[in-house]
Amino acid sequence: MARIKKFIFQISIVIFFGGGFVAGMMSFLSGESSTDIQAEDLSFELTSVLKECGEDTNTAHYFRCFREKSRPLVSRYGVNAMMSELEYLNEESGGVASRVSCHNLGHVVGELGIELQEDAGEVLASCTRKCGFGCTHGAALGVLRLNPNLLDDLPSVCEKLSPSPLPGQDLTACNHGLGHGLASMVQFDLVKTLNLCDLLDNTNAQNECATGVFMEIFDAPTESHPRLEIPQDIPRFCQTLPGIYADLCLKSVGGFELKRSNNIQKAFQTCESISPLLFKECNFVIGADLFFLSQGRVEKIWEACKFGKQHQKEACVEGAIFSSFVTDPSGSLGGSLCGVLEEELQRVCFVYLGQNVEKLHGEGGKESFCNMFGPSEAAFCFDEQ
């Protein structure tokens, strides 16, 4: 998929004055490149910012602080380098970075990228898929915040991003981000925002936009406004929403319950309260949400999915596999999840995994991927048994 590459901050010719040339020569002689030095500087500065903003992570105060203190870093190093370092710190540090949502920090970086750079297409491409497309979501929000006239041609915001045969990729992430931005434009009025999603030109884009609306209004990723409480009777609430969004909401009732109560059993029970026509998708959404709530930890995902009945487990696992392609399009993370499941679910898991690898990478890619597993898993992956 074509992407515009954004280079990290380049050393200006000014470094040849005031001692910069000597420092540069010393780095050259030691074998350390300017890019290496910049990466080390960014790592140190970003880690310092994350610590300086306090111990109460994932609060409005924390994200206000991060926005203020990270602005000069985004300006100096660029969006792409910031996101790479955030994802690295989130996965490797075990410190403060692992206690703050990488996705939500990415929202802030994306918004700042739009504020600091005129070319929205370049910022969106620079975000990549890191931290679950958090930067893309924030950048799309930022575009609408700065350019409300784009409502007159809303589909144009994301048109530079290539479509994918598998939702959850760049174009989907951008449409989702528009939902965040539209919510902000109308002061987080749910129905008004969903009606604005209708300005997009196809049902898939409208639904993707609506997922961003729900996330912005109910989750408030950067804590920049009060969250709307999830209603007690979620299915009844969903039925009050306009058009296609009522069904989208109903498919998400299990996920809403999981986020509200952190009770996986109640989440599965909530899915049982809606139309049988939407039942499988409801359990699928639970698994899709679990992937992100557990930060892709396969053992935690399975510990939760196994609380469902057999058909619920299957849909839950498929949802988690689906979400895994957002952060790992190779499918390797999905393979790790299939490997920890009970034997009777492994076939379902590997079959679904192979199907999605083929959608993304074609028959050749599927063949190479499936052949990495043992004979029985490979047969499942090829859907031969």
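The rules behind these values
Residues numbered from 1 in each chain as written. Predicted model: local features only at pLDDT ≥ 70, side-chain atom pairs only at ≥ 80, totals over all residues. Heavy atoms only, no water. Helix = DSSP H or I, 4+ residues; strand = E, 2+ residues; numbered from the N terminus. Buried < 20%, exposed > 50% of the residue type's maximum accessible area, 1.4 Å probe, protein only. Contact = heavy atoms within 4.5 Å. Areas by Shrake-Rupley, 256 points an atom, 1.4 Å probe, with all protein chains shown as cover. 1 Å grid on protein atoms, 1.4 Å probe; cavity = no way out; pocket = protein on both sides within 12 Å on 5 of 7 lines; lining within 4 Å. Points joined across faces, edges and corners; volume = space filled by probe spheres on them. Nonpolar A, V, L, I, M, F, W, Y, C, P; charged D, E, K, R; others polar. Disulfide = S-S within 2.5 Å. Arc of directions from axis to C-beta. Phe/Tyr/Trp six-rings, centres within 6.5 Å; stacked < 30°, edge-to-face > 60°. Salt bridge = Lys/Arg side-chain N within 4 Å of Asp/Glu carboxyl O. pLDDT = per-residue confidence, 0-100. Polar contact = N/O pair within 3.5 Å; in protein donor to acceptor, adjacent residues only side chain to side chain.

Participant: Quick rundown of the overall build of the protein chain? Include the residues and the values.
Facilitator: A count of helices and strands for the protein chain gives 20 helices and 0 strands. By residue count, 50% of the 385 residues in the protein chain fall in the buried class. Sequence separation of 24 or more characterises 67% of the internal contacts of the protein chain that already satisfy a separation of 6 or more. Per element, the accessible surface of the protein chain, about 18000 Å² overall, is 53% carbon and sulfur.

Participant: Tell me what's going on with empty space enclosed by the protein, and back it up with residues and numbers.
Facilitator: Counted according to the given criterion, the structure contains 1 cavity of 30 Å³ or more. Its boundaries defined by the atoms lining it, the largest cavity holds a volume of some 40 Å³. Lining the largest cavity are His107, Glu111, Leu141, Arg145, Glu216, Thr222 and Ser224. Going through the elements one at a time, α5 (102–116) and α7 (130–146) are the ones with two or more residues in the lining of the largest cavity. Looking at the lining of the largest cavity residue by residue, the classes come out as 1 nonpolar, 3 polar and 3 charged.

Participant: Run through the state of the cysteines, naming residues and quoting values.
Facilitator: Two cysteines joined by a covalent bond between their sulfur atoms form a disulfide. On inspection of all chains with the given rule, the structure shows 10 disulfides. Across a sulfur-sulfur distance of 2.0 Å, cysteine 197 and cysteine 209 are joined as a disulfide pair. Disulfide cysteine 197-cysteine 209: torsion about the S-S bond near -70 degrees, hence left-handed. Taken together, the residues span a long stretch of sequence, with cysteine 197 in helix α9 (residues 190–197) and cysteine 209 in helix α10 (residues 203–219) at a distance of 12 residues. Summarising the burial analysis for this pair, cysteine 197 and cysteine 209 share the class buried. With a sulfur-sulfur separation of 2.0 Å, cysteine 338 is cross-linked through a disulfide to cysteine 349.

Participant: Go over helix α18 (residues 332–340) with me, naming the residues and quoting the values.
Facilitator: Among all positions of α18, only Gly334, Gly335, Leu337 and Cys338 are buried. Down the axis of α18, the buried side of the element spans an arc of 160 degrees, and every buried residue falls inside it. Looking at the buried side of α18, the elements it contacts are α16 (298–305), α17 (310–327) and α19 (343–370).

Participant: Now, about the packing of aromatic side chains: what can you tell me, with residues and values included?
Facilitator: Considering all chains together, one arrives at 10 aromatic pairs under this definition. Ring geometry for phenylalanine 218 against phenylalanine 237: centres 6.1 Å apart, planes inclined by 85 degrees, an arrangement best described as edge-to-face. With a gap of 19 residues between them, phenylalanine 218 in helix α10 and phenylalanine 237 in helix α11 (residues 234–238) connect regions that are remote in the sequence. With a relative accessible area of 6%, phenylalanine 218 lands in the buried category. Ring plane angle 70 degrees and centroid distance 5.0 Å describe the contact between phenylalanine 350 and phenylalanine 373, whose orientation is recorded as edge-to-face. Remark: phenylalanine 373 occurs in the loop between α19 and α20 (375–381) and phenylalanine 350 occurs in helix α19; sequence separation between them is 23 residues. Residue classification places phenylalanine 373 among the partly exposed residues on the basis of a relative accessible area of 22%. Here a set of aromatic residues connected by ring pairs shows up, and it is made of Phe214, Phe218, Phe237 and Phe256.

Participant: How would you sum up the pattern of salt bridges? Please name residues and give values.
Facilitator: In the structure shown here, the tally under the stated rule is 15 salt bridges. Where glutamate 257 meets arginine 260, a salt bridge forms, and the shortest distance between an N and an O atom there is 2.5 Å. Pair noted here: glutamate 257 and arginine 260 are both in helix α13 (residues 253–261), with a separation of 3 residues, about one helical turn. The class of glutamate 257 is buried, set by a relative accessible area of 3%. Where glutamate 272 meets lysine 309, a salt bridge forms, and the shortest distance between an N and an O atom there is 2.8 Å. Of this pair, glutamate 272 sits in the loop between α14 (264–271) and α15 (276–293) while lysine 309 is found in the loop between α16 and α17, placing the two residues 37 residues apart along the sequence. Residues joined in a network through salt bridges with shared partners are Arg67, Glu111 and Arg145.

Participant: Just give me the short version of the confidence of the model for the protein chain, but keep the residues and values in it.
Facilitator: In this model, the protein chain carries an average pLDDT of 84, and 86% of its residues clear a pLDDT of 70 or more. Of the regions scoring below 50 in pLDDT, residues 1–34 engages in 33 contacts with residues more than four places distant in sequence or in other chains.

Participant: Break down the side chain of asparagine 175 for me, citing the residues and quoting the values.
Facilitator: Tracing the backbone through its elements, the reader meets asparagine 175 in helix α8 (residues 170–185). Here asparagine 175 is in contact with Cys158, Leu200, Ala205, Glu208 and Cys209, once residues within four sequence places are set aside.

Participant: Which residues make up the side chain of aspartate 328, and what values go with them?
Facilitator: Here aspartate 328 shows up in the loop between α17 and α18. Reaching out from aspartate 328, the side chain makes a polar contact with the side chain of serine 330 at a distance of 2.6 Å.

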